[in-house]
Amino acid sequence: MELTVTGLSVARSGIPVLEGIDFSLQSGEALILRGPNGVGKTTVLRTVAGLQPPLAGKVGLEREAMAYAGHADGIKSTLTVRENLEFWADVFGTGSIDPALGAFDLAALSDRAAGGLSAGQKRRLGLARMVVTGRPVWVLDEPTVSLDTTAVGLFAQAVRGHLAAGGMALMATHIDLGLTEAHVLDMAPFRAKAPAHDDFDGSFL
Amino acid sequence: MKALLLRDIRLAVRAGGGFGLGLAFFLIVVVLVPFGVGPDSGLLARIAPGILWLGALLSCLLSLDRIFALDWEDGSLDLLATAPLPMEALVSIKSLAHWLTTGVPLVLASPLFALLLSLPSQGYAPLLMSLALGTPALSVIGTFGAALTVGLKRGGLLLSLLVLPLYVPTLIFGAEVARRGAMGLDFTVPLAMLAGITFGAIALLPFASAAVLRVNLR
């Protein structure tokens, strides 16, 4: 399996932010997107995940191959950790949630209401959902926010396990995960040029 | 799909889910009306069908913005959109869950509330029938409104303004069934119209809601 992105241009709130992005990702590879705040990393990830259409260009794989994790974890605070994960396992039609609980060290918390978890624990629950989806491409937006070093280690291990099983990972992150095999793509060179008609007032001078 | 339905019902029933909210609002409306119009039971019996329908409609409206807003705020809606579930199925399940947690309790409680307004005895069956047939339309139309306003801060007011005009036909025919029933008249025509509105809404609106939701998630 291969994820090929060709000539991708994306817009945020109708304003083009990045254009002409090309990359390809083989099974077992990870790609880390870098770039300053506001450069459009989230927009690229949302486009690849199929949540918004690209301005131009193509994403080679269907959205059915992607599992997306954004800034919000999609956790229901009145359900327990187990119920939250079981819901996603049912939706994605995958089996047991125990490997996911184990991978993010959530087994001891599984009967707690998710609303009572700390920010880092919630994040771990949100990331455990990726394991539960059973999808080959993980699209992760700043996955390590509010994680401590141990949890970052758990996360890196989960990603490695996923890659070893033939999966792919595409993520935007600024911290070093210790994933030495991951490729890094800097977003800054793909910044969209301001369109000519942008300078509306100038054309009258 | 079953998982989503069960989750929505579970969320509605647990603390803070707003399950009893619509019912409590309905009760308050029905209890307050006699204070407002006076204790004349003849007058109450005459306006009871309309008041009951209006109360049911307003209590339904009260919980509409929860259909998508909560899932939008905590990010679940994005995740559900990437799940192997067509958007049309998602909105249909959402409206079904809304009807089961709001519409059905209203229908079941309405005979009790009708008693408070001294509805004539021959009016109970038509009232129940009209509410059972009409409340699914309220949920489906409301889901469409909720999909239109998802992602807007304080979208509740806009939602009510958008949805209330769309509720008018359902209210007219629903209340007409109940009124004619209470007066002992034949109510087949408005009942058929009400059924037409409901089934038409169920058949067509999920596609519109799904399209609107896709645009709003961008």
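What you see is a predicted model; the values in this text were computed from it and never measured.

### Considerations on a nonpolar patch on the surface
Residues and elements named next belong to chain B.
At step 1: On the surface, a cluster of nonpolar side chains totalling about 580 Å² of accessible area is made up of L27, I28, V31, L32, F35 and L116.
At step 2: For the nonpolar patch, the leading source of residues is helix α2 (residues 21-37), giving 5 residues.
At step 3: By secondary structure assignment, the location of L32 is in helix α2.

### Some words on helix α6 (residues 87-116) of chain B
Residues and elements named next belong to chain B.
At step 1: Taking 1.5 Å per residue, 30 residues should reach 44 Å; α6 reaches 42 Å between its end C-alpha atoms and fits that length.
At step 2: At S110, α6 is bent by approximately 45°, the largest bend along its length, and proline P111 sits one to four residues beyond.
At step 3: Just downstream of α6, S118 is the residue with a positive phi angle, here 45°.

### Looking at the pairing of strand β6 (residues 137-141) of chain A
All names here are of chain A.
At step 1: Burial within β6 is extensive, with 5 of its 5 residues counted as buried.
At step 2: With burial as the criterion, each face of β6 is covered, one bearing V137, V139 and D141 and the other bearing W138 and L140.
At step 3: Sheet topology note: the strand β5 (residues 66-69)/β6 ladder contains 4 bridges and is parallel. The residue of β6 that forms the bridge with A69 is L140.

### Side note on the interface of chain B and chain A
At step 1: If you look at the interface, chain B gives 21 residues, while chain A gives 24 residues.
At step 2: Contact between chain B and chain A buries roughly 2,100 Å² in total, counting both sides, with carbon and sulfur atoms accounting for 62%.
At step 3: Our count for the contact surface shared by chain B and chain A stands at 5 salt bridges.
At step 4: Applying the counting criterion to the chain B and chain A interface returns 8 residue pairs in polar contact (both at pLDDT 80 or more).
At step 5: Among the elements of the structure, α1 (2-13), α4 (66-73) and α5 (76-81) of chain B are those that each provide at least two residues to the side of chain B that touches chain A.
At step 6: For the side of chain B that touches chain A, the class distribution of residues is 11 nonpolar, 3 polar and 7 charged.

Parameters at a glance
Residues numbered from 1 in each chain as written. Chains lettered and ligands numbered in written order. Predicted model: local features only at pLDDT ≥ 70, side-chain atom pairs only at ≥ 80, totals over all residues. Heavy atoms only, no water. Patch = residues over 30% accessible without salt bridge, like charges linked within 9 Å, V, L, I, M, F, W, Y side chains within 5 Å. Areas by Shrake-Rupley, 256 points an atom, 1.4 Å probe, with all protein chains shown as cover. Salt bridge = Lys/Arg side-chain N within 4 Å of Asp/Glu carboxyl O. Helix = DSSP H or I, 4+ residues; strand = E, 2+ residues; numbered from the N terminus. Expected span 1.5 Å × (residues − 1). Bend = angle between axes of the 7 residues up to and from the residue. Buried < 20%, exposed > 50% of the residue type's maximum accessible area, 1.4 Å probe, protein only. Pairing = 2+ DSSP bridges. Contact = heavy atoms within 4.5 Å. Buried area = accessible area lost by both parts, 1.4 Å probe. Polar contact = N/O pair within 3.5 Å; in protein donor to acceptor, adjacent residues only side chain to side chain. Nonpolar A, V, L, I, M, F, W, Y, C, P; charged D, E, K, R; others polar.

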